[in-house]
Amino acid sequence: MRTVTVPGLDLPLSDYCLGTMYFGSKVDVQTSLHLMDLYAAHGGNFLDSANKYASWLPGFQGGESEQVIGRWLKNHPRDRYVITSKVGFPYGDIPRSLAAKYIISECEKSLTRLGTDYIDIYFAHTQDLDTPIEETLKAFDSLLQSGKIRAIGASNFDAWPLAEAGCSARQHHLPAFSVLQQRYSYLQPVLGADFGTQKVLTPEQIDYCARRELLVMAYSPLLGGLYEHADAQLPIQYDSALNRNRLRLLREAASEYGCTPSQLVLSWMAASSPAIVPLVTASREEHLLDNLKQVPTEQVREFAERLNNLDRFTIKYS
Ligand SMILES: NC(=O)c1ccc[n+]([C@@H]2O[C@H](COP(=O)([O-])OP(=O)(O)OC[C@H]3O[C@@H](n4cnc5c(N)ncnc54)[C@H](OP(=O)(O)O)[C@@H]3O)[C@@H](O)[C@H]2O)c1
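Counting restarts for each chain, with residues numbered from 1 along the sequence as it is written. Local features are withheld for residues below a pLDDT of 70 in this predicted model, meaning they are given only at 70 or higher, and side-chain atom pairs are given and counted only at 80 or more; totals for whole chains, interfaces and linings count all residues.

Participant: A description of helix H8 (residues 261-270) should follow, citing residues and the corresponding values.
Facilitator: Exposure in this text rests on C-beta crowding, where 20 or more other C-beta atoms within 10 Å of a residue's own make it buried, 12 or fewer make it exposed, and counts in between make it partly exposed. The C-beta atoms are placed from the backbone. Per the convention used, a helix needs a DSSP run of H or I reaching at least four residues, while a strand needs a run of E reaching at least two, with both numbered from the N terminus. Burial analysis of H8 places 10 of its 10 residues in the buried class, which makes it a mostly covered element. Turning to H8, its buried residues number three or more, namely Pro 261, Ser 262, Gln 263, Leu 264, Val 265, Leu 266, Ser 267, Trp 268, Met 269 and Ala 270.

Shown next as structure tokens:
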């Protein structure tokens, strides 16, 4: 794995982050610990979690993913890993909010569950247009000052609240977001596609992040395994001529290069400029091992060129 950097963090981060949303819940504890071992054995040091993972599953309250990471960290040097968590979405009796009191109290709970005294990247999991952004950034600032977190990130933000947060940080000498984590894959959502509270990474945001030096992270990069199913129907949010052509190219290129479509998607993302760090996850060992194999740079470059030509053609003539 190659590495990327985040302003405010000394440790370089691996360019594939391990998603742990279902670890300790749908993925049982022993399997979760084993998957983290496999990821680390392949050079990975970047683990993504959130306070509410996976509270929506029957029988779980949230915090299960953090707890299993905490258990794993007991046998691993804390300072060699970059751990994220998130606050802002509702779970249990916690409302959807980025008000200061929830940021402070949820951070304490996450630290306890993770069994650590700091979180490397603490995310606002969703935008909160009812709380002044200054209040949110001040709460993050107090956590940064006390050493409980080391950098802050935004997730599921539209372009304007993200830019507004950047302006507010500069104007009031408050901390700025160093990372943006959005929904993003190889297929492009059709205009007006609805993902509920999930927000898609846009070309405008990629440009913003490049100019303001935010690391970009992509969640759900494999669309739940869609690229490995040759007969998969495109979900309505992705059903377009452009995507059917993209899918055809992906499958052709993967077969020529002797890799899987998923491997090509992840490698293409990580090699883009600026780099987009995919959140890689699986509940099955063979899926994780497959996905961690990166495609050689030369092939990824050639694929990116073919994709650019295809999109130009599709957009012009379809
Ligand atoms: N910030 C946010 O709001 C947000 C939202 C969603 C997710 N996330 C983060 O992003 C991470 C990934 O999200 P996601 O689960 O939606 O990711 P995804 O990439 O869309 O889907 C992962 C699923 O794809 C399947 N898969 C992976 N490799 C495969 C292969 N080679 N063949 C067949 N199937 C394969 C896996 O199935 P198996 O389980 O069978 O292995 C796995 O469950 C999460 O863990 C979380 O950390 C963040």
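Participant: So what about unusual backbone geometry? Which residues, and what values?
Facilitator: Note that the residue after Tyr 53, namely Ala 54, is joined by a cis bond; omega there is -5°. Inspection of the secondary structure assignment puts Ala 54 in the loop between strand S4 (46-48) and helix H2 (64-73). For the bond from Ser 273 to Pro 274, the omega torsion is 0°, close enough to zero to count as cis. Relative to the helices and strands, Pro 274 is located in the loop between H8 and strand S10 (276-280). Non-glycine residue Asn 156 carries a positive phi angle of around 60°. Mapped onto the fold, Asn 156 is located in the loop between strand S7 (149-155) and helix H5 (159-172). Even without a glycine there, the phi angle at Leu 223 is positive, about 45°.

Participant: Describe the pairing of strand S6 (residues 119-124), with residues and values.
Facilitator: Taking burial as the measure, the six residues of S6 include six buried ones, the bulk of the element. Relative to S6, strand S5 (residues 82-87) is paired through four bridges, and the arrangement is parallel. Paired with Thr 84 across the bridge in S6 is Ile 121. Crossover handedness is defined by viewing with both strands directed away from the observer: a clockwise path from the first strand over the helix to the second marks the crossover as right-handed. Regarding the hand of the β-α-β motif, the stretch spanning S5, helix H3 (residues 100-114) and S6 is right-handed. Paired strands, in this sense, are two strands between which DSSP finds at least two bridges. In this sheet, S7 lies alongside S6 in parallel orientation, the contact comprising five bridges. Directly across from Ile 119, in S7, lies its bridge partner Ile 149. At this point the chain moves from S6, through helix H4 (residues 133-145), to the parallel S7, and the crossover so formed is right-handed.

Participant: Give a detailed account of the site of the ligand, specifying residues and quantitative values.
Facilitator: In this entry, near means the residue's backbone-placed C-beta atom lies within 6 Å of the molecule or strand. Near the ligand you find 25 residues, and of these Gly 19, Met 21, Leu 222, Gly 225 and Ser 283 are the closest. Per-element accounting of the shell around the ligand gives the leading share, three residues, to helix H9 (residues 285-291). In the shell around the ligand, the residues fall into seven nonpolar, 14 polar and four charged. Note on residue categories: nonpolar means Ala, Val, Leu, Ile, Met, Phe, Trp, Tyr, Cys or Pro, charged means Asp, Glu, Lys or Arg, and polar means any other residue, Gly included.

Participant: Outline helix H7 (residues 241-257), listing residues and values.
Facilitator: Between its first and last C-alpha, H7 extends 24 Å over 17 residues, near the 24 Å set by a 1.5 Å rise per residue. The complete set of buried residues in H7 reads Asn 243, Leu 250, Ala 253 and Ala 254. Projected down its long axis, H7 shows its buried positions confined to an angular sector of 100°, all on one face. Among the exposed residues of H7, those oriented more than 90 degrees off its buried face are Ala 241, Arg 248, Ser 255 and Glu 256. A positive backbone phi angle near 70° is found at Gly 258, which sits one or two residues after H7. Here the expected length of a helix is defined as 1.5 Å per residue gap, with one fewer gap than residues. Within this analysis, the arc is defined by the directions that extend from the helix axis to the C-beta atoms.

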